[in-house]
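Listed here are the chains, written in short residue letters.
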Amino acid sequence: MQQNTKVKEPSIIIKPIGRFGGLDNLHLTLIVVIALLLLLVLVIAYAKPITILSSTNTSANCTNSTAGTCAQPMHNSTQIRLLAERILASYTSVNGSLSVLPFIANVSGMNVSYVPYLRSWRVDITAMSPGTSETSQAEFLISDVNTSQITPLLQVAKPPSITNNSVVANGVVKLAGRYACLQQQPTNVYWFIDPYAPGAVKSLLNFTDLEIEFGNKVNLTIRVVSGAATQQVGSTFGLFNAQLLGRYTYCASQQSNFTAFASNLNSVYAGSYLSQPVLANIANSSKLNYAQLTSCLNQSVQVLDVQSLLAKYYNITQTPVAVVNCEYLAIPETAHQAICYSNSTLC
């Protein structure tokens, strides 16, 4: 007997192909990850090496450039630092308040950096006013291609010319072509003043303070210059009369009671003309030797002419200023630093 049996055939379900070609989310994720890894490998393989800026390459040819700029400068930071010291020292010849910049700039804290895209060096210098905590910033851009191209990054004009003088320490300028005095002991200090110039009479107090501090270890001497301030007073009262303040000051400095004279003069002086009777009263109240004072005053005209020649030798255009050991320039507020720099055994 034949039995009819129904054989159930397997059913095949065919899904339609989707927009991702039948791949599920897991496969898609794996493919994306693999593609990213391949891309990263290609980036690493073809990336250009990073250029390290060098400030020690002194080659005149720029053989290493980035984006069209020289990454290796023609000069090094030491050369630029020395040039910046000369630029600072050159401000002593500027007529105005900027002439004190060389003496208040902190050269030991100078920051020098190369700016490739400008092919220039940036110099940052902090300046601090004497006796205060007020600071200001002086900045310069110096072309690496032509170091005579200097751009001050402050609202002032650059010095008319760059001298060979240089700022060697805080408040101390070394005069190029000038050398230490032949007589090393005691240390010599010329104190140049145009008596009617702003700050000149007041600087005599700095002078006497240094005399008291260093005693016979330092030979401080007053040098009088009949500069623009004295000549301005002379245009009204006569040059001979205007020069009397300088002559009395010089002659008083030859006597041991000069400290009293400087103090009494400062208590009377108000920035205007002082007549001969007033100066005579100051000398008398300071107990100066009258005979010695009279003799000195009679000879002082010729002496002051010689002192003016000395000021020209050191290119002194503004006062008060001190020349220490015949080779270092300082303002009254930094004369102490110049003395110590010139002869460290004194400090």
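Draft legend 1. Broad picture of the packing of aromatic side chains. Scanning the entire structure with this criterion turns up 12 aromatic pairs. Ring centres of tyrosine 190 and tyrosine 314 lie 6.2 Å apart, and the angle between their planes is 50°; on these two criteria the pair is classed as tilted. Within this pair, whereas tyrosine 190 is found in strand β9 (residues 187–193), its partner tyrosine 314 is found in the loop between α10 (290–313) and β11 (321–324), the two being separated by 124 residues in sequence. A relative accessible area of 15% places tyrosine 190 in the buried class. The exposure class assigned to tyrosine 314 is buried, which follows from its relative accessible area of 8%. Ring geometry for tryptophan 191 versus phenylalanine 207: centroids 5.5 Å apart, planes at 80°, classification edge-to-face. Of the two residues, tryptophan 191 sits in strand β9 while phenylalanine 207 sits in helix α4 (residues 200–214), which places them 16 residues apart along the sequence. Phenylalanine 207 matches tryptophan 191 in its accessibility class, with the two residues each being buried. An aromatic cluster is defined as three or more aromatic residues linked by ring pairs; in this entry it consists of Tyr190, Phe192, Tyr313 and Tyr314. Above the ring of tyrosine 313, the side-chain terminus of arginine 178 is found at 4.0 Å from the ring centroid.

Draft legend 2. Structural view of unusual backbone geometry. With an omega of 5°, the peptide bond running from threonine 319 to proline 320 counts as cis. Topologically, proline 320 is positioned in the loop between α10 and β11. Positioned with a positive phi, asparagine 325 is a non-glycine residue whose angle comes to about 55°. With respect to the secondary-structure elements, asparagine 325 resides in the loop between β11 and β12 (328–330). The buried category is assigned to asparagine 325, whose relative accessible area is 4%.

Draft legend 3. Expanded view of the pairing of strand β3 (residues 111–115). As defined by bridge partners, β3 adjoins strand β4 (residues 120–128) across 5 bridges and the pair is classed as antiparallel. The partner of serine 113 across the bridge, within β4, is arginine 122. Between the antiparallel neighbours β3 and β4 lie 4 residues, among them arginine 119 with a positive phi of about 50°.

Draft legend 4. A look at the sheet that holds strand β8 (residues 172–174). Reading across the sheet, the 6 strands line up as β7-β8-β12-β11-β9-β10 and stay open at both edges, with mixed pairing between neighbours. Two strands in the sheet have a free side with no partner beyond their single neighbour: β7 (166–169) and β10 (218–224). Mean inter-strand twist for the sheet, computed between neighbouring axes without regard to direction, equals 30°. As judged from the 2 bridges shared by β8 and β12, these two strands associate in the antiparallel manner. The partner of lysine 174 across the bridge, within β12, is tyrosine 328.

Draft legend 5. Structural view of helix α5 (residues 228–237). Buried within α5 are the following residues: Thr230, Val233 and Gly234. Looking down the long axis of α5, one finds its buried residues gathered within 105° of arc, a one-sided arrangement. Facing away from the buried side of α5 by over 90 degrees, the exposed positions are Ala228, Gln232, Ser235 and Thr236. Here the buried face of α5 lies against α6 (239–242).

Draft legend 6. Geometry of the environment of proline 116. Along the chain, proline 116 turns up in the loop between β3 and β4. A relative accessible area of 17% places proline 116 in the buried class. For the pair proline 116 and proline 73, spaced 43 residues apart in sequence, the C-alpha to C-alpha distance is 7.8 Å.

Draft legend 7. Focus on α4. Taking 1.5 Å of rise per residue, the 15 residues of α4 would be expected to cover 21 Å, and the 21 Å separating its terminal C-alpha atoms lies within 8% of that figure. Of all the positions in α4, only Ala200, Val201, Ser203, Leu204, Phe207, Thr208, Leu210 and Phe214 are classed as buried. For α4, the buried positions fall inside an angular range of 155° around the axis, keeping them on one side. Structural note: α4 exposes Lys202 and Ile212 on the side pointing more than 90 degrees away from its buried face. For α4, the secondary structure elements touched by its buried residues are β9, β10, α7 (244–252), α8 (258–268) and α11 (335–342). Glycine 215 lies just past α4 and shows a positive phi near 60°.

Conventions adopted
- Residues numbered from 1 in each chain as written.
- Predicted model: local features only at pLDDT ≥ 70, side-chain atom pairs only at ≥ 80, totals over all residues.
- Heavy atoms only, no water.
- Phe/Tyr/Trp six-rings, centres within 6.5 Å; stacked < 30°, edge-to-face > 60°.
- Helix = DSSP H or I, 4+ residues; strand = E, 2+ residues; numbered from the N terminus.
- Buried < 20%, exposed > 50% of the residue type's maximum accessible area, 1.4 Å probe, protein only.
- Lys NZ or Arg CZ within 6 Å of the ring centre and 35° of its normal.
- Pairing = 2+ DSSP bridges.
- Axes fitted to C-alpha atoms, helices over the stretch in contact; angles between N-to-C directions.
- Arc of directions from axis to C-beta.
- Contact = heavy atoms within 4.5 Å.
- Expected span 1.5 Å × (residues − 1).

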